[in-house]
Amino acid sequence: MKRPLAILLILSLFVSHHLIAQDNSSKEKPGKQPLQRASKPKDAEKSVNRWSLGINIGMYDANKYPANFYNGSDQNVNNVSYLMSNTYWKDDIKQSLGLSITDSVKVGEFPTNMHYKIVMSGGVFARYNLSRYYGVCLDVNYTQLKAENVVTFLVNPQYNYTLPDIRLIPISGVEQRIHIDLLMQRNFWLRSKIYLFLQGGLNMNYTHVMKSIIYVVDKEYSLINIYGSQVYVPGSNLQETQVVEGGLGYGLALGGGAGIPLVDIFGIEPGGFINFNNVALTGYTQFKLSFGFYVRLLFGNIRHHIEDDENR
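All figures in this text were calculated on a predicted structure; none of them were measured in a lab. (Residues numbered from 1 in each chain as written. Predicted model: local features only at pLDDT ≥ 70, side-chain atom pairs only at ≥ 80, totals over all residues. Heavy atoms only, no water.)

### What about unusual backbone geometry?
Positive phi outside glycine occurs at N156, with the angle close to 45°. Along the chain, N156 falls in the loop between β4 (134-155) and β5 (165-189). Positioned with a positive phi, V217 is a non-glycine residue whose angle comes to about 60°. For V217, the position within the fold is in the loop between β6 (195-216) and β7 (219-222). (Helix = DSSP H or I, 4+ residues; strand = E, 2+ residues; numbered from the N terminus.)

Laid out in structure tokens, this is it:
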């Protein structure tokens, strides 16, 4: 992720410098002296730099509800029964577990409380300042989520004269999410040259399932059916199909934080957000709350807004 963030940083610096230079050149005409600093509210509003661009770096805590999409149970699209119903995969799993072909193996229990790990997120931000108090924002962020747990396999469960032989098999899922938020921002300026802000608006997200797998010792088995109605046979020339799982979700977004100007064209905005949305994972489309925190590197002429306010 370091290289994309570096490219975004360079592009943001270039664009913000261009926009600021364009605003300054439009205010000065050849042969005339620069105007004095605005002293009227109307003039102060005109001096607002219209565009602010930023880069987001933060943490995302996704709601655990859709993580059970990856628990391998029969109610899910990707399930362990898909593997165990194939003789070749089942025999291969027995071999990996150190069992003989004559041993029996059946699935015991599936996890019911899977959850995502808290992960890093990154993205880009653009704000069009309607005035020094209000702005319209477009916030785009990317993250990769992983859910992990174990499913139990029972070895020779018919033999009840011995202690049960229970094997814990790791199961996990990996997905990508892109969040696109269209927000309205309200600024509250303080005398300390720091401003507070609130944001609210619409959330749209795109989810893409990358993996749904179990690990048996040192082997990885995918639960995604890429063979359709064909029966898997090792060494056969089976036609694989591209399976796309996921899609578009939507909801609401609410956030807030503080803006800290550092120099004339650069500042930071630490903040947080809450999303009330759904994700397009089959069987798990209810609306749930997720949240996160971030630090935004903001490029734009920030400090002069405060100076204008002091002269009003």
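### Observations concerning empty space enclosed by the protein
One pass over the full model with this rule turns up three cavities of 30 Å³ or more. In this structure, the largest cavity occupies an estimated 230 Å³ of space. Residue lining of the largest cavity: 21 residues in total, with D139, N141, D181, F273 and N275 positioned closest to the centre. Listing elements by their share of the lining of the largest cavity, those giving two or more residues are β1 (51-61), β3 (119-129), β4, β5, β8 (246-263) and β9 (266-277). Taken together, the residues that form the lining of the largest cavity break down as eight nonpolar, eleven polar and two charged. (1 Å grid on protein atoms, 1.4 Å probe; cavity = no way out; pocket = protein on both sides within 12 Å on 5 of 7 lines; lining within 4 Å. Points joined across faces, edges and corners; volume = space filled by probe spheres on them. Nonpolar A, V, L, I, M, F, W, Y, C, P; charged D, E, K, R; others polar.)

### Observations regarding the pattern of salt bridges
A full pass over the atoms with the stated rule returns nine salt bridges. Note that R127 and E269 form a salt bridge whose closest N and O atoms lie 3.4 Å from each other. Note that R127 is positioned in strand β3 and E269 in strand β9, a separation of 142 residues in sequence. The pair R127 / E269 is uniform in exposure class, with both members buried. One salt bridge connects E175 with R177, and the closest N-O pair in it is separated by 2.7 Å. Members of the salt-bridge network, linked through shared partners, are R127, D139, E269 and R296. (Salt bridge = Lys/Arg side-chain N within 4 Å of Asp/Glu carboxyl O. Buried < 20%, exposed > 50% of the residue type's maximum accessible area, 1.4 Å probe, protein only.)

### Examining helix α4 (residues 87-96)
Listed as buried for α4 are W89, I93, K94 and S96. The arc that holds every buried residue of α4, seen down its axis, measures 160°, which confines them to one face. Turned more than 90 degrees away from the buried face of α4, the exposed residues are T87 and Q95. Where α4 is buried, its residues contact α3 (80-84), β2 (105-107), β4, β6 and β7. Two or three places before Y88, at the opening of α4, N86 has a side-chain oxygen 3.0 Å from that residue's backbone nitrogen. (Arc of directions from axis to C-beta. Contact = heavy atoms within 4.5 Å. Polar contact = N/O pair within 3.5 Å; in protein donor to acceptor, adjacent residues only side chain to side chain.)

### As for the side chain of N68
Mapping N68 onto the fold places it in the loop between β1 and α3. Of note is the side chain of N68, whose polar atom sits 3.1 Å from the backbone oxygen of T112. Contact partners of N68, with chain neighbours within four places excluded, come to N76, P111, T112, N113, M114 and Y284.

### Thoughts on the nonpolar core
Core analysis: the largest hydrophobic core is formed by 20 residues, its most contacted members being V80, F153 and I214. Broken down by secondary-structure element, the contributors of at least two residues to this core are α3, α4, β2, β4, β5 and β6. Looking at this core, the element that brings in the most residues is α3, giving four residues. F69, L145, I224 and L281 belong to the second-largest nonpolar core, a separate cluster that totals 15 residues. (Core = buried A, V, L, I, M, F, W, Y, C linked by side-chain atoms within 4.5 Å.)

### Details of the environment of V151
Within the fold, V151 resides in strand β4. Counting along the chain gives 78 residues from V151 to S73, while the straight-line C-alpha distance between them is 9.2 Å.

### Remarks on the pairing of β3
The side chains of a regular strand alternate between the sheet's two faces. Examined bridge by bridge, β1 and β3 share ten bridges and lie antiparallel to one another. Among the inter-strand pairings, I57 is bridged to a residue of β3, identified as G122. As judged from the nine bridges shared by β3 and β4, these two strands associate in the antiparallel manner. Counted as the bridge partner of A126 is L138 from β4. Linking β3 back to β4 in an antiparallel pair, the connection comprises four residues. (Pairing = 2+ DSSP bridges.)

### A short note on the confidence of the model for the protein
The pLDDT averaged across the protein works out to 85; a share of 80% of its residues lies at or above 70. For residues 1-40, every residue scores under 50 in pLDDT, and the model assigns this stretch 30 contacts once sequence neighbours within four places are set aside. In the predicted structure, residues 304-312 sits below a pLDDT of 50 and forms 27 contacts with residues beyond four places in sequence or in another chain. (pLDDT = per-residue confidence, 0-100.)

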